[in-house]
Amino acid sequence: FQAGRFTLDYADRRLVNRNRWQNAMNTFDGFRLRLGQQKDDWQVDAFVTEVVDVRLRQFDRPDEQRWFSGVIGAWRRWSQVITLEPYWFYLDEREIVDQREDREIHAVGLHGYGVIGKSGLDYDFSASLQFGEDGARRQRAFAAYGELGYSFRHRWNPRVSVSTMYASGDRDPDDSVSERFDRFFVTARHWSTLSLFTLQNVIGPKLRVSLRPAKWLSCDAYYGAYWLASDKDLWPMARRWDPTGRSGSFVGQELDVRLVFKVNPRVDIETGYACFLPGSFAKNTGPAPDSDFFYAQTVVRLFK
């Protein structure tokens, strides 16, 4: 049992995760109860929290109008090839002070993953259905993710994987149903180094290659292409929108390369490069130059 202020990192980390990139993480005040451990055949986590507002010049404080709760299970070793993690999340936003609309959104989902014997194949999938009330509109949205990987028998541990993500978009902003998937508390960095895409109104196939040529060096690269699930809904991270749907649905392509140098068991140095090549939707809805991003960071672990 735990009570106080903490971060959350659950299931496949595609709806709620710790932000390991920005200065401020998503944090929550409340309590959580865990039955079982990672080494056990089964485990159940439950939590009830208030969302903590990150404030620039004052101490962070819980928002009494925003509650986030959930129950997450894990069923392991009942099969040698799959682990299942069902979950339920509930977001309750009562915007009394800001005079915005109330929202009550439920997300019911299933995450599964495993390794297929000694074939070198591994897989990961998840699906989530959202329902509830988004102001005066009913929330009805869906998201899914799937990945298939293959690890080669080589001393550099090369792995190749293909994946795709889908999150519904709102097909008609004037009807009584909101179909845009709510990403809850996952960071855009989880999906895109440039933070251009997230689990909202998106279709995104991706190819990834990774290898570890030495104990002190690992590297990976991926290529992704992105479309809007609904061309009449917005591109959330760029806040671009063509309600007529005439600007097309292809947003663009992203290429990322990353190197991680392990200096010692507690210190890593990471450097990377990412570029974005705009597609028809990006070009038709405003300025759309190619984007390039270089970065370097150091990760220090106080405890192993």
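Residues numbered from 1 in each chain as written. Predicted model: local features only at pLDDT ≥ 70, side-chain atom pairs only at ≥ 80, totals over all residues. Heavy atoms only, no water.

**Let's talk about the overall build of the chain**
Piece 1. Helix and strand counts for the chain come out as one helix and 15 strands.
Piece 2. Taken against the 2.2 N^0.38 rule, which gives 19 Å for 304 residues, the C-alpha radius of gyration of the chain at 20 Å falls within 12% of a compact globule.
Piece 3. Considering only C-alpha atoms, the chain reaches an extent of 60 × 50 × 45 Å along its principal axes.
Piece 4. When the 304 residues of the chain are sorted by exposure, 43% land in the buried category.
Piece 5. For the chain, the computed accessible surface area is about 16,900 Å², with 56% contributed by carbon and sulfur atoms.
Piece 6. Mean positive and mean negative side-chain charge positions of the chain (42 and 40 charges, respectively) differ by 9 Å. (Helix = DSSP H or I, 4+ residues; strand = E, 2+ residues; numbered from the N terminus. Rg over C-alpha atoms; globule rule 2.2 N^0.38 Å. Buried < 20%, exposed > 50% of the residue type's maximum accessible area, 1.4 Å probe, protein only. Areas by Shrake-Rupley, 256 points an atom, 1.4 Å probe, with all protein chains shown as cover. Lys, Arg positive; Asp, Glu negative; His and termini not counted. Charge placed at Lys NZ, Arg CZ, Asp CG, Glu CD.)

**A word on empty space enclosed by the protein**
Piece 1. Here the structure, examined in full by the defined rule, presents two cavities of 30 Å³ or more.
Piece 2. A volume near 70 Å³ is recorded for the largest cavity.
Piece 3. Together, Asp12, Arg14, Leu15, Tyr87, Ser126, Ala127, Ser128, Ala143, Ala144, Tyr145 and Leu199 line the largest cavity.
Piece 4. When contributions to the lining of the largest cavity are tallied by element, the ones reaching two or more residues are strand E7 (121-134) and strand E8 (137-151). (1 Å grid on protein atoms, 1.4 Å probe; cavity = no way out; pocket = protein on both sides within 12 Å on 5 of 7 lines; lining within 4 Å. Points joined across faces, edges and corners; volume = space filled by probe spheres on them.)

**What about the nonpolar core?**
Piece 1. Core analysis: the biggest nonpolar cluster contains 39 residues, and Phe68, Phe89, Phe184 and Trp235 have the highest contact counts within it.
Piece 2. Residues contacting phenylalanine 89, with those up to four places away along its chain left out, are Tyr10, Leu15, Val16, Phe47, Phe68, Ser69, Gly70, Ile72, Ile105, His106, Ala107 and Phe184. (Core = buried A, V, L, I, M, F, W, Y, C linked by side-chain atoms within 4.5 Å. Contact = heavy atoms within 4.5 Å.)

**Comments concerning unusual backbone geometry**
Piece 1. One non-glycine residue, asparagine 157, lies in positive phi territory at about 55°.
Piece 2. Assignment of secondary structure puts asparagine 157 in the loop between E8 and strand E9 (159-167).
Piece 3. With a phi angle near 55°, serine 195 is a residue other than glycine that sits in the positive phi range.
Piece 4. Within the secondary structure, serine 195 is located in the loop between strand E10 (177-178) and strand E11 (202-214).
Piece 5. A relative accessible area of 26% places serine 195 in the partly exposed class.

**Comments concerning the state of the cysteines**
Piece 1. Throughout the structure, instances matching the rule amount to zero disulfides.
Piece 2. In this structure cysteine 219 is not part of a disulfide, and its nearest cysteine sulfur, from cysteine 275, lies 17 Å away.
Piece 3. Of the residues examined, cysteine 275 reaches a relative accessible area of 11% and is grouped as buried. (Disulfide = S-S within 2.5 Å.)

**Regarding the pairing of E7**
Each regular strand carries side chains that alternate between the two faces of the sheet.
Piece 1. Across 13 bridges, the pairing between strand E6 (residues 103-115) and E7 is antiparallel. Bridge assignment links tyrosine 113 to a residue of E7, and that residue is aspartate 124.
Piece 2. Of the strand pairs in this sheet, E7 and E8 are connected by 14 bridges, and their pairing is antiparallel. Residue pairing in the sheet places tyrosine 123 in a bridge with leucine 148 of E8. (Pairing = 2+ DSSP bridges.)

**Thoughts on the packing of aromatic side chains**
Piece 1. Under the definition given, this model contains 23 aromatic pairs.
Piece 2. With a centroid separation of 4.7 Å and 35° between ring planes, the pair formed by tyrosine 273 and phenylalanine 294 is classed as tilted. Remark: phenylalanine 294 occurs in strand E15 (residues 291-300) and tyrosine 273 occurs in strand E14 (residues 267-278); sequence separation between them is 21 residues.
Piece 3. For tyrosine 273, a relative accessible area of 23% puts it in the partly exposed group.
Piece 4. Given the relative accessible area of 63%, phenylalanine 294 is considered exposed.
Piece 5. Taken together, the ring pairs in this structure connect Tyr10, Phe28, Phe47, Phe68, Tyr87, Phe89, Phe184 and Phe185 into an aromatic cluster. (Phe/Tyr/Trp six-rings, centres within 6.5 Å; stacked < 30°, edge-to-face > 60°.)

As far as function goes, none of this settles anything; it's purely spatial.
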